[in-house]
Amino acid sequence: MKVALLYFTGTGVTAKYASELGKGFENAKVSVDLLRIKEGKKFNFSIYDIIGIGAPAYSFRAPRIVTKFLRKANLEKKPLFVFCTSGGMPGNTLWNLSKATRKTGGICLGYTSASGITNLRSWMPPKNDSRSNLSGLNDYDLSNTQKFATTIITRFENLPSNSMKQNKNWIPSFSIGIIFWSLFFTWRWQMLFTVGIKRVDKSKCNHCRLCASKICPSGAITMKKNNIPRFNEFLCVGCNGCVNLCPEDAIWTYQTRNHLQYNLYKNYL
Ligand SMILES: Cc1cc2nc3c(=O)[nH]c(=O)nc-3n(C[C@H](O)[C@H](O)[C@H](O)COP(=O)(O)O)c2cc1C
Ligand code: SF4
Ligand code: SF4
């Protein structure tokens with residue numbers, strides 16, 4: 001059996017959760033590939049038996065870059081499961097993810113979610129605050145990854161052979177408030193309000209290119225001839241990756257410049 005864990009991550013939290021879920025499968029002798037969704041990236045899903053799909057919550061829903069990717073991806077009627085991370089209010093995220101895969105016809109084997117602290121840098125403690133105590137993903141959620149993996153494997157093994165038709169009885173889940181938040185905060189507005197227009201402190205930048213090559217999932221960062229990053233604000237999805245993970249803290253915005261970086265999960269990109 002082979003499992004793909006397909007995930008989107010801005011600052012590495014969902015990547016960490018995917019990797020912990022992966023360990024749960026590997027302990028049960030199932031091989032796992034971790035696949036990070038990035039603008040323009042394509043994957044061959046035909047070699048997998050189960051596909052796990054994960055994303056962070058962005059304004060109570062899955063980031064549009066993910067749902068757009070899923071609608072176009074050829075997931076080939078595979079059994080799947082969905083997972084998300086959030087600061088504690090995932091809202092419709094899990095539902096959005098499974099809804100976006102509905103057309104594949106692959107049955108959804110289960111859902112799980114982990115919470116921690118939000119990666120919105122403007123919500124981080126101020127830079128000079130000595131009380132800063134950033135905690136990570138909830139230990140309780142992490143301790144359940146093994147159980148979840150076992151449940152998914154058991155459900156997969158017990159699937160009747162004609163079961164690859166997904167339940168079409170979706171419960172409509174909307175309210176004026178959620179529609180407002182979704183429309184207003186999950187597109188370019190989100191980037192403007194939560195991250196802000198990105199600028200680079202040229203004196204701090206060490207030209208490592210990490211922001212363009214590794215961190216940004218949306219292709220919004222390219223390097224100029226002088227090896228200083230250039231931002232396409234139109235493509236930015238507001239993931240907070242660059243402002244939190246630049247090793248020199250050289251990327252700043254008016255919203256983020258006085259706050260601590262959130263870089264707990266930088267090793268998971
Ligand atoms: C633009 C944006 C919007 C967010 N909206 C929410 C939210 O509605 N509810 C919540 O609990 N956390 C929210 N968060 C926090 C993230 O969901 C959380 O930090 C997540 O674990 C980040 O995962 P990542 O590092 O994989 O991107 C938001 C973060 C960003 C960047
Ligand atoms: S990650 Fe930071 S230091 Fe590296 S190139 Fe980008 S702005 Fe410069
Ligand atoms: S430019 Fe936007 S999408 Fe790219 S890493 Fe920075 S915040 Fe995320």
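Our subject in this report is the structure included herewith.

What counts and how
- Residues numbered from 1 in each chain as written.
- Chains lettered and ligands numbered in written order.
- Predicted model: local features only at pLDDT ≥ 70, side-chain atom pairs only at ≥ 80, totals over all residues.
- Heavy atoms only, no water.
- Helix = DSSP H or I, 4+ residues; strand = E, 2+ residues; numbered from the N terminus.
- Rg over C-alpha atoms; globule rule 2.2 N^0.38 Å.
- Buried < 20%, exposed > 50% of the residue type's maximum accessible area, 1.4 Å probe, protein only.
- Contact = heavy atoms within 4.5 Å.
- Areas by Shrake-Rupley, 256 points an atom, 1.4 Å probe, with all protein chains shown as cover.
- Lys, Arg positive; Asp, Glu negative; His and termini not counted.
- Charge placed at Lys NZ, Arg CZ, Asp CG, Glu CD.
- Polar contact = N/O pair within 3.5 Å; in protein donor to acceptor, adjacent residues only side chain to side chain.
- Salt bridge = Lys/Arg side-chain N within 4 Å of Asp/Glu carboxyl O.
- Near = heavy atom within 4 Å.
- 1 Å grid on protein atoms, 1.4 Å probe; cavity = no way out; pocket = protein on both sides within 12 Å on 5 of 7 lines; lining within 4 Å.
- Sits in = over half its atoms within 2 Å of the grid points.
- Domains from an automatic or database assignment.

Moving on: the overall build of the protein. Counting secondary structure elements, the protein contains 9 helices and 9 strands. Its C-alpha atoms give the protein a radius of gyration of 19 Å, within 12% of the compact-globule value 18 Å for 269 residues. Split into buried and exposed, the 269 residues of the protein put 50% on the buried side. Residue pairs at least 24 apart in sequence account for 78% of intrachain contacts in the protein once pairs closer than 6 positions are excluded. Total accessible area computed for the protein in this model is approximately 13,500 Å², and 54% of it derives from carbon and sulfur atoms. In the protein, the 37 positive side-chain charges and the 14 negative ones have mean positions that sit 9 Å from each other.

Further remarks concern the side chain of Thr67. Checked against the element boundaries, Thr67 lands in helix H2 (residues 64–72). Within the structure, the side chain of Thr67 is placed 3.4 Å from the side chain of Arg61, a separation counted as a polar contact. Non-local contacts of Thr67, meaning those with residues more than four positions away in its chain, are made with Arg61, Ala62, Asn96 and Ala100.

Now for the pattern of salt bridges. Within the structure shown, the criterion is met by 6 salt bridges. Close ionic contact of Lys23 with Glu20 constitutes a salt bridge, the shortest N to O distance being 3.0 Å. With a gap of 3 residues between them, Lys23 and Glu20 both fall in helix H1 (residues 13–27), about one helical turn apart. A relative accessible area of 41% places Lys23 in the partly exposed class. Measuring nitrogen to oxygen at the nearest pair gives 2.7 Å for the salt bridge that ties Glu233 to Lys198. In this pair, Glu233 sits in the loop between strand S8 (229–231) and helix H9 (241–245) while Lys198 sits in the loop between helix H7 (188–195) and strand S6 (199–200), placing the two residues 35 residues apart along the sequence.

Another aspect to go through is the site of ligand 1. Near ligand 1 there are 25 residues, and of these Thr9, Thr11, Thr14, Ala57 and Met89 occur at the shortest range. Here an oxygen atom of ligand 1 sits 2.8 Å away from a polar atom, N or O, in the main chain of Gly10. In this structure, an oxygen atom belonging to ligand 1 sits 2.5 Å away from a side-chain N or O atom of Thr11. Given that more than half its atoms are within 2 Å of the pocket grid, ligand 1 belongs to the largest pocket. Put simply, the parts of the chain that give the shell around ligand 1 at least two residues each are H1, strand S4 (80–86) and H7. Counting contributing residues, the shell around ligand 1 receives three or more from each of domain 1 (2–157) and domain 2 (176–268).

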